[in-house]
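Fold and contact review
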Amino acid sequence: MVEKITPRSEDYSRWYTDVIQEAELADYAPVKGCMVIRPYGYAIWENIKEALDKRFKETGHVNAYFPLFIPMGFMQKEAEHVEGFAPQLAVVTHGGGKKLEEPLVVRPTSETIINSMFAKWVKSYRDLPILINQWCNVVRWEMRTRLFLRTLEFLWQEGHTAHATAVEAEEEARRMLDVYIDFAENDASIPVIPGRKSESEKFAGAVTSYSIEAMMGDKRALQSATSHFLGQKFAKAFGIQYLDKNNELQYVWQTSWGLSTRFIGAIIMVHGDDQGLILPPKLAPIQVVIVPIWKGEEEKEEVMGAVKEVAKALGKRFRYKVDDREERTPGWKFNYWEMKGVPLRLEIGPKEVAEGQALLARRDTREKIAVSREGLSERVSEILDDVQRNLFRRAKKFLDDNTYRLEDYGEFKRIIEEKGGFIYAPWCGDASCEEAIQSETKATSRCIPFEQSEKLKRCVYCGREAREEAVFAKAY
Ligand SMILES: [Zn+2]
């Protein structure tokens, strides 16, 4: 425990797995490509869930649960959907020792099963909108896996909605993208670029896909959440129709949207450093760790008395932990909790007891601040807020410092090869240019950002007139 982790600058990918192992977030499962989420990692997920679930409910959604098994025939009803997911499907052919009449797919996403139910539930315009979310696991058979970022099975939430009009569904897709932006920026301190996915990058079965893209510490992009306007594709495939006010049959308009445990990977990579994890206070399972420092029984009694008082004062407002293990030295504990990314450490020794103080150490800046124990809870609250904001500022500066706007392809290639980062470049909209860029530089179009440059010129690749500006980057 608390081994030295590989420095980020030496090998970013090793650093990433070292942090996950040493901070006890996750481990490799017996089945290749699967992941065990350990209690500390799961506690982060629980905080993510809570933060999002609250927002979903505030925007009118309710939770439900649909089965893990989907009849194979359902997957085949929407042509693009099955084509997109076919290579990743896990299929159950036997049950109870017998060959099944129809194979069952282990859900890779639940559009088909949920929409088959919507078809039963929707009869009239009065039944709309349906605003449902589910928290569950999904399975996608991936060949190249990485903890949190890409695993055979992962946890997520998937929202599925049905509306009377296209405008309403469009608005819903954008509203939920806004929910993800708000969560990413305010709770996870991760700045994101929202935009529309290109035709080749969009979800299999969507009319329009939106995403938020974040820059990781190695300047690669991570798609952190998506929201899709599905049009009437699934409505037509599953026959979801309602009688409108004029008593005429109409197909519904739909959306789906999701955020997964992949987001934990983003938190690790955006904020972490060579000492390990750095967690944004709002999502940290432990916001303050209290480390008592003493020698001999007499000091111990004094110090532990003060620690109890402090714990009582903090207990109502913060998630805290007292590390009073006697078999570990304070120095060892400092390293241990730094590795785990706890935003604030509070030290109390004989000196602090005598002076009525506590010593606070910030994980983000590693700055130490002596504060009075009177009014401590208020001070801790202020500092945690400041850590939360500082993490965002730092990540935003990193994003800005490594973002380029250009239209020269030579420069494009040079930056991707030598520096990495995000490139905003004008693009003709033709998939063949996107493909050529990807095969020549390994950079993909991440999204067509909502914020577009004023003056569009020539496509960065072919030189024809540009239709819009896209963000290109190497991505996870
Ligand atoms: Zn072009």
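Anything mentioned here points back to the structure above.
How each quantity is defined
- Residues numbered from 1 in each chain as written.
- Predicted model: local features only at pLDDT ≥ 70, side-chain atom pairs only at ≥ 80, totals over all residues.
- Heavy atoms only, no water.
- Helix = DSSP H or I, 4+ residues; strand = E, 2+ residues; numbered from the N terminus.
- Rg over C-alpha atoms; globule rule 2.2 N^0.38 Å.
- Buried < 20%, exposed > 50% of the residue type's maximum accessible area, 1.4 Å probe, protein only.
- Contact = heavy atoms within 4.5 Å.
- Areas by Shrake-Rupley, 256 points an atom, 1.4 Å probe, with all protein chains shown as cover.
- Lys, Arg positive; Asp, Glu negative; His and termini not counted.
- Charge placed at Lys NZ, Arg CZ, Asp CG, Glu CD.
- Donors = N, O, S within 2.8 Å, 3.2 Å for Na, K, Ca; no water.
- Tetrahedral: all angles 85-135°; square planar, octahedral: opposite > 155°, others 65-115°.
- Core = buried A, V, L, I, M, F, W, Y, C linked by side-chain atoms within 4.5 Å.
- Pairing = 2+ DSSP bridges.

Let us look at the overall build of the protein chain. The secondary structure content of the protein chain amounts to 14 helices and 23 strands. Over its C-alpha atoms the protein chain spans a radius of gyration of 25 Å, differing by no more than 12% from the 23 Å that the globule rule assigns to 476 residues. Its C-alpha atoms put the protein chain at 80 × 55 × 50 Å along the principal axes. Looking at the 476 residues of the protein chain, the share that counts as buried comes to 54%. Nonlocal contacts in the protein chain, meaning residues at least 24 apart in sequence, comprise 68% of its contacts between residues at least 6 apart. Per element, the accessible surface of the protein chain, about 21600 Å² overall, is 49% carbon and sulfur. Placing the 69 positive and 74 negative side-chain charges of the protein chain at their respective mean positions leaves the two points 1 Å apart.

Attention now moves to the coordination of the zinc ion. Donor atoms from the polypeptide that bind the zinc ion are C428 (SG), C433 (SG), C459 (SG) and C462 (SG), placed at 2.3 to 2.4 Å. Around the zinc ion, the four donor atoms sit at angles spanning 103 to 121°, and that spread fits a shape best called tetrahedral. Of note, the donors binding the zinc ion are all from one chain and are spaced C-x4-C-x25-C-x2-C. A relative accessible area of 13% places C428 in the buried class.

Counting 62 residues, the largest nonpolar core has I48 and I268 as the members making the most contacts within it. Contributing elements (two or more residues each) for this core: α1 (12-22), α2 (39-58), α6 (166-187), β10 (208-215), β11 (221-231), β14 (253-260), α8 (262-271) and α10 (330-339). Top contributing element to this core by residue count: α6, with nine residues. Beyond its immediate stretch of four places on either side in the chain, I48 contacts F183, L259, F263, I264, I267 and L283. Of all hydrophobic cores here, the second largest spans 26 residues; its members include M72, V82, F203 and A235.

On to the pairing of strand β9 (residues 193-196). Because side chains alternate across β9, one face comprises the buried residues I193 and G195, and the other comprises P194 and R196, none of which is buried. Note that β9 and β10 share four bridges and pair antiparallel. Opposite R196, over in β10, you have Y210 as the bridge partner. Here β9 pairs with strand β22 (residues 444-449) via two bridges, running antiparallel. Bridge pairing in β22 places G195 opposite P449.

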